[in-house]
Amino acid sequence: MNRRAQAIVMVLFGGAILRASLTDVYLRYVKEGLRPFLIAAGALLLAAALMTLWYELRAPGRGGHAHHEPRVGWLLILPAAGLLLIAPPALGSYAAGQSGTVLAAAQIESEFSPLPPGDPVPLSLMDYATRAVFDEGRTLRGRTLRLTGFVTPGPDGRPMIARMVLACCAADGRPIKVGLTGAAVDAPADTWVQVVGVYSGRVEKDPVNQAGVPYFEVTSWQRTTAPRRPYE
C-alpha cells in the first residue's frame, strides 16, 4: 500500500472517530469523559492524512518507481468504512451473559444515605444492588422504586435486567445484574425496560463468578428507549 492509499485509510479512520465523538455514538465504546481525547485523536489523524496527500500530490513523480504492494492492505479500509456506515450497538445481553456481575468488585459503603423523597424513586442498578446485598435492603424497604436496564436471560431462563459498567471502555465492560420476581416482564433480550416495584430480599449467586445477584419485585413495567448513556 503506497502513501496515498495509507492517507486515504487515515482519512477514513479519522472521519469515523470524529463522527462518533461529535455525536453520542462514542458513548457505546468509552466513558463520557474521554470525548475530548477522541476528538483530538480524530483531528490529528485527519491532519496527518491531509498533509501526506498534499506532500504526495506536490511530487507526482515520486511514486513512479514504487513497488507493487499486496492488495490485501486495502482490507484496512473495511473496519473504518464499517464505523462510518454502520455503528455497532452498545454491549448487551450476550456480553452480560458471558461475565459475572461486577457487584463482587463493587465499592462497599460503610453507611448508605436515605433515599430521596417521592415515589417511585429512580435508582441505578448499581445503587439498588449494593444497597440490597451489602445493606440488606434497609434503605430500600417500604419504598416504591424504578429501575432501568436491558432484558437478559437469567441462568434459569427467566428474564433479568442488567446494565454494563465501564472502568474505561467497552473492552473492560462488566454487567450489574438484577433478577426479577412478581409481574412477568415479557420482552425479548436486549429490550430496554423500566420496572417499578419494591425491594425483594431474595439474593442468588451468579453462576459465572458466584457473586450475589439481588432480586426486585416488579409491580409494573414498560418498554423504553435506550438511554443516551447506556453504561453505568
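Here the structure is a predicted model, which is why all the values come from computation and not from measurement.

Bringing the side chain of R143 into the picture now. Within the secondary structure layout, R143 lies in the loop between α5 (125-134) and β2 (145-153). Reaching out from R143, the side chain makes a polar contact with the side chain of D119 at a distance of 3.1 Å. Those residues in contact with R143, other than ones at most four positions away along the chain, are L115, P116, P117, G118, D119, V121, G197 and V198.

A few words now on helix α2 (residues 35-58). Compared with an ideal rise of 1.5 Å per residue, which puts 24 residues at 34 Å, α2 spans 35 Å between its outermost C-alpha atoms and is within 8% of the ideal. Taken as a whole, α2 has its buried residues at G42, A49, T52 and E56. Buried residues belonging to α2 abut α1 (3-21).

This part takes up the packing of aromatic side chains. Both the distance between ring centres and the angle between the ring planes are used here to describe each pair of aromatic rings. Inspection of every chain in the model, using the stated rule, returns two aromatic pairs. For the pair Y128 and F216, a centre-to-centre distance of 5.4 Å together with 85 degrees between the ring planes defines the contact as edge-to-face. Here Y128, found in helix α5, pairs with F216, found in strand β6 (residues 212-223); they are 88 residues apart in sequence, far enough to count as distant. Side by side, Y128 and F216 carry an identical accessibility label, which is buried.

Let's shift gears to the nonpolar core. Y128, L147 and F216 are the most contacted members of the largest nonpolar core, which totals 25 residues. Sorting the residues of this core by element identifies β1 (121-123), α5, β2, β3 (159-165), β4 (174-182), β5 (192-205) and β6 as the ones contributing at least two each. Broken down by element, this core gets its largest block of residues, four residues, from α5. Setting aside its immediate chain neighbours within four residues, F216 contacts Y128, L145, L147, V178, G179, L180, T181, V195, V196, G197, V198 and S200. Within the second largest apolar cluster, eight residues are counted, among which are A95, F150, L166 and W192.

Reading guide: rules and limits
- Residues numbered from 1 in each chain as written.
- Predicted model: local features only at pLDDT ≥ 70, side-chain atom pairs only at ≥ 80, totals over all residues.
- Heavy atoms only, no water.
- Helix = DSSP H or I, 4+ residues; strand = E, 2+ residues; numbered from the N terminus.
- Polar contact = N/O pair within 3.5 Å; in protein donor to acceptor, adjacent residues only side chain to side chain.
- Contact = heavy atoms within 4.5 Å.
- Expected span 1.5 Å × (residues − 1).
- Buried < 20%, exposed > 50% of the residue type's maximum accessible area, 1.4 Å probe, protein only.
- Phe/Tyr/Trp six-rings, centres within 6.5 Å; stacked < 30°, edge-to-face > 60°.
- Core = buried A, V, L, I, M, F, W, Y, C linked by side-chain atoms within 4.5 Å.

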